[in-house]
Protein chains: 2
Amino acid sequence: MDKITIGYLGPAGTFTEVAVKELFGHRSFSLQAFSTIEECMEAAQKKLMDYTVVPIENSIGGSVSTTLDRLIHELEVPIQGEVHLPIHQQLLVHPKQKNRENYTHVFSHPQALKQCSDFLSKEYPGVKQQTMNSTAEAARVISENPDKPWLAIANSVARNFYKLEIKKENIETFSTNMTRFVVLSYLPLEIDTKRKKASIIVSFPQHDLMILHDLLSLAQIFRLKPTKIESAPMKTGMGEYFFFIDFEITNKEEGFKEMCRLIEQIGCNLRILGCYPSK
Amino acid sequence: MDKITIGYLGPAGTFTEVAVKELFGHRSFSLQAFSTIEECMEAAQKKLMDYTVVPIENSIGGSVSTTLDRLIHELEVPIQGEVHLPIHQQLLVHPKQKNRENYTHVFSHPQALKQCSDFLSKEYPGVKQQTMNSTAEAARVISENPDKPWLAIANSVARNFYKLEIKKENIETFSTNMTRFVVLSYLPLEIDTKRKKASIIVSFPQHDLMILHDLLSLAQIFRLKPTKIESAPMKTGMGEYFFFIDFEITNKEEGFKEMCRLIEQIGCNLRILGCYPSK
């Protein structure tokens, strides 16, 4: 049997790679790193990979807007699973630069810089923050520039991979820092978990937000617990929104499908993004 | 009588300055430009200005996260008014660089780059996009570097102020592009309009999102029409959200206050951000 192929937001050492190992650890797979979320999602859409893993939400930075935006406006590939991962950020430095007092730049992903903003403004107020496509890319840049007075924020996997030193551990503002990753694929996925979730995107007739009240009435009737309700602009005019809603499914999947049927019947535009196991 | 003082997101020539003129055009005022939204909001909070105007939402890019984040987590100064403004983006160039074929950089605010992304990826695919604090600052940079093959995206006011040429007009993807600006102040504001709105921030007991159903039931009873429902992470843990909700007030303000009282009574944490005229 061929190995399954898994695409993820690279390079090697990103939190997304950690998520892949958490989801597929027991299986035999070959990994392919993509350098942007857009490329990951295109690979999923075009079936270049069996499964593709991307971040969708962080408990501090909020939704990953690129992921949500593509799911709403462009993609048709369903969500087949999700995993929640605790996120710890490390301030990394090249061994040659370890004992220096002054640094000029700190490199990282915008979300990571945001997550560590309290630490940075207190300990490194004058240091220029430079955004990168991923935390691992920031670590790579530091490793390739041993003579520059630069810092990176990335995880421990990237630290080991690029042989960097930890200047300061766990510099994130909130220790409750978690990220949710989703698996995109046309193939179903089995994960070792009993929790099940479903995601929909919905818009309301005449953009009347009061219809959300009716939608939640239907969810209540079918005992579906909303775990996330987020609006995004439709881009067609002020006050016109899509809603991205996740539900926890505690009973049978049939209830969820019946609710969706009724939501459409009251005039909403609805798309099911997936009904999937959650870890 | 002293002139009123108005702070806004500068430099001269931003869309925010256009909003100020729309809101205060009939009065005598002195303007003070601040270079970031954070500084604007701090000036409002510390009463350094009589009124302060900042953007809060765009119909394409969505909420301005800095503004929303500060309103939720840091500020106590109320919203006293709002205005909706159509946004047209111009591709600007220094007169000396007008007839060139190749450009290396295009400067603008991240939201403006987002709003023009279709045009840029089609017409200027290889040109590096450089983010600035405002569209007007981008125009200023271009005007100060006549020998560089650079472009800026900004509005017509900035174009006139910095004496630039229009390379291409109205390059935004959607012609329905609108921005909402809010006035922050401890002083009430009278605007020539009959429309009235109110904004609240609310969180639910045990983070149970189904309580949003009860909240909307109460809004329905008091004939308050929600015009925006947006969630933002509380930063305390995954699945824990604040909700930022705007209502249109068609009847008396008392109904809104009574609804707020009842929302608190069912265990929600609620803060009224303001009850204000909307233009």
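Quick caveat, the model's predicted, so the values are computed rather than measured. (Residues numbered from 1 in each chain as written. Chains lettered and ligands numbered in written order. Predicted model: local features only at pLDDT ≥ 70, side-chain atom pairs only at ≥ 80, totals over all residues. Heavy atoms only, no water.)

A few words now on the pairing of strand β1 (residues 4–9) of chain A. Residues and elements named next belong to chain A. Of all six residues in β1, five are buried, a share of seventy percent or more. As judged from the six bridges shared by β1 and strand β2 (residues 29–34), these two strands associate in the parallel manner. Each residue of the ladder has a partner; that of Leu9, found in β2, is Phe34. Considered for its hand, the β-α-β crossover made up of β1, helix α1 (residues 15–24) and β2 is right-handed. (Buried < 20%, exposed > 50% of the residue type's maximum accessible area, 1.4 Å probe, protein only. Helix = DSSP H or I, 4+ residues; strand = E, 2+ residues; numbered from the N terminus. Pairing = 2+ DSSP bridges. Right-handed = clockwise from strand over helix to strand, strands pointing away.)

A word on the nonpolar core. The biggest cluster of nonpolar side chains holds 50 residues, and the ones touching the most others in it are Val202, Leu212 and Phe243 of chain A together with Val202, Leu212 and Phe243 of chain B. With residues up to four places along the chain from it excluded, the contact list for Val202 of chain B reads Leu215, Tyr241, Phe242, Phe243, Ile245, Ile263, Cys268, Asn269 and Leu270 of chain B. (Core = buried A, V, L, I, M, F, W, Y, C linked by side-chain atoms within 4.5 Å. Contact = heavy atoms within 4.5 Å.)

The subject of this paragraph is the sheet that holds strand β7 (residues 105–108) of chain A. All names here are of chain A. As summarised here, the arrangement of the five strands in space is β8-β7-β9-β6-β10, forming an open sheet in which the pairing is mixed. Two strands lie at the open edges of the sheet, namely β8 (128–131) and β10 (165–168), each paired on one side alone. Averaged over all pairs of adjacent strands, the angle between their axes in this sheet comes to 35 degrees, without regard to strand direction. Each of β6 (90–93), β7 and β9 (150–154) is contacted by helix α6 (residues 135–143), which is oriented at about 150 degrees to β9, the strand it contacts most. (Axes fitted to C-alpha atoms, helices over the stretch in contact; angles between N-to-C directions.)

When chain A is brought onto chain B, the operation consists of a screw motion whose angular component is 180 degrees and whose axial shift is 0.0 Å, with 0.1 Å RMSD remaining. In the structure described here, the two chain copies are related by an operation that fits a two-fold rotation axis. Interface overlap between copies: 97% of the residues of chain A at the interface are likewise at the interface in chain B, consistent with a symmetric, same-surface contact. (Least-squares fit on C-alpha atoms with pLDDT ≥ 70 in both.)

Here we come to helix α9 (residues 253–265) of chain B. Residues and elements named next belong to chain B. The terminal C-alpha atoms of α9 lie 19 Å apart, and with 13 residues this matches the ideal 18 Å at 1.5 Å per residue to within 8%. The complete set of buried residues in α9 reads Gly255, Phe256, Met259, Cys260 and Ile263. For α9, the angular spread of the buried residues around the axis is 140 degrees, confining them to a single face. Along α9, exposed side chains directed more than 90 degrees from the buried face belong to Glu254, Lys257 and Gln265. The first or second residue beyond α9 is Gly267, which carries a positive phi of 100 degrees. (Expected span 1.5 Å × (residues − 1). Arc of directions from axis to C-beta.)

Turning to its location among the elements, Asn58 of chain A is positioned in strand β3 (residues 51–58). Of note is the side chain of Asn58 of chain A, whose polar atom sits 3.3 Å from the side chain of Gln115 of chain A. At 3.1 Å, the side chain of Asn58 of chain A and the backbone oxygen of Met178 of chain A are in polar contact. Those residues within four positions of Asn58 of chain A in sequence are excluded, and the remaining contacts are Ile87, Gln111, Gln115, Asn177, Met178 and Thr179 of chain A together with Met238 of chain B. (Polar contact = N/O pair within 3.5 Å; in protein donor to acceptor, adjacent residues only side chain to side chain.)

Before going further, it helps to examine the interface of chain A and chain B. Listed per partner, the contact involves 36 residues of chain A and 36 residues of chain B. In total, about 3,000 Å² of surface goes out of reach between chain A and chain B, with carbon and sulfur atoms giving 63% of it. Among the residues of chain A in contact with chain B, Met210, Lys235 and Met238 of chain A are the three that bury the most area, contributing 23% of the side total. Along the contact surface separating chain A from chain B lie zero salt bridges. In this assembly, chain A and chain B are joined by eight residue pairs in polar contact (both at pLDDT 80 or more). Among the secondary structure elements, those contributing two or more residues to the side of chain A that touches chain B are β3, β11 (178–184), α8 (211–221), β13 (224–233) and β14 (241–249) of chain A. Considered class by class, the residues forming the side of chain A that touches chain B number 15 nonpolar, 15 polar and six charged. (Buried area = accessible area lost by both parts, 1.4 Å probe. Salt bridge = Lys/Arg side-chain N within 4 Å of Asp/Glu carboxyl O. Nonpolar A, V, L, I, M, F, W, Y, C, P; charged D, E, K, R; others polar.)

This part is about the pattern of salt bridges. All names here are of chain A. Taken as a whole, this structure holds 39 salt bridges over all chains when the rule is applied. The salt bridge involving Lys197 is made with Glu82; its shortest N-O contact spans 3.0 Å. Placement of Lys197 in strand β12 (residues 196–203) and of Glu82 in strand β5 (residues 79–86) is noted, with a sequence separation of 115 residues between them. For Lys197, a relative accessible area of 3% gives the class buried. Shared partners join several salt bridges into a network, and the residues in it are Glu57, Glu82, Arg180, Lys197, Lys228, Glu230 and Asp246.

With that settled, the discussion passes to the packing of aromatic side chains. The geometry of an aromatic ring pair is captured by the separation of the ring centres together with the interplanar angle, meaning the angle of the planes. Residues and elements named next belong to chain B. Scanning the entire structure with this criterion turns up 16 aromatic pairs over all chains. Centre to centre, the rings of Phe107 and Trp150 are 4.7 Å apart; their planes meet at 50 degrees, and the pair counts as tilted. With Phe107 in strand β7 (residues 105–108) and Trp150 in strand β9 (residues 150–154), the pair connects residues that are 43 residues apart, well separated along the chain. By relative accessible area, which is 7% here, Phe107 ends up buried. (Phe/Tyr/Trp six-rings, centres within 6.5 Å; stacked < 30°, edge-to-face > 60°.)

All names here are of chain B. Mapped onto the elements, Gln90 comes out in strand β6 (residues 90–93). A polar contact of 2.9 Å, which involves the side chain of Gln90, links it to the backbone nitrogen of Asn170. The contact partners of Gln90, leaving out residues within four places of it in the chain, are Ala152, Ile153, Ala154, Asn155, Ser156, Ile166, Lys168, Glu169, Asn170 and Ile171.

On to the domain arrangement of chain A, then. Residues and elements named next belong to chain A. Each domain of chain A was delimited in the assignment, giving domain 1 (4–86 + 177–184), domain 2 (90–168) and domain 3 (196–277). Each of domain 1 and domain 2 has a C-alpha centre, and the two are 24 Å apart. With 16 residues of domain 1 at the interface, the matching set in domain 2 holds 13 residues. Across the domain 1 to domain 2 interface the summed buried area is about 1,100 Å²; carbon plus sulfur atoms make up 59%. On the surface where domain 1 and domain 2 come into contact, there are zero salt bridges. For the side of domain 1 that touches domain 2, the elements supplying multiple residues, two or more each, are α1 and β4 (62–63). Looking at the side of domain 1 that touches domain 2 residue by residue, the classes come out as six nonpolar, 10 polar and no charged. (Domains from an automatic or database assignment.)

Those places that UniProt annotates as "domain: Prephenate dehydratase" (unreviewed entry) correspond, in this numbering, to residues 5–186 of chain A. The straight-line gap between the two end C-alpha atoms of residues 5–186 of chain A is 13 Å; of that span, 31% is helix and 31% is strand. (UniProt positions renumbered as here; feature names shortened; annotations may be inferred.)

Mapped onto the fold, Met238 of chain A is located in the loop between β13 and β14. Expressed as a C-alpha distance, the spacing of Met238 of chain A and Met178 of chain A, which sit 60 residues apart in the sequence, is 32 Å. Once residues within four sequence positions are removed from consideration, Met238 of chain A is found in contact with Glu57, Asn58, Ser59, His84, Met178, Thr179 and Arg180 of chain B.

Of the positions making up helix α8 (residues 211–221) of chain B, those classed as buried are Ile211, Leu212, His213, Leu215, Leu216, Leu218 and Ala219 of chain B. In the core, the buried residues of α8 of chain B are packed alongside α8 and β13 of chain A together with β12 (196–203), β13 (224–233), β14 (241–249) and α9 of chain B. Directly after α8 of chain B, the chain includes Arg223 of chain B, whose backbone phi takes a positive value near 55 degrees.

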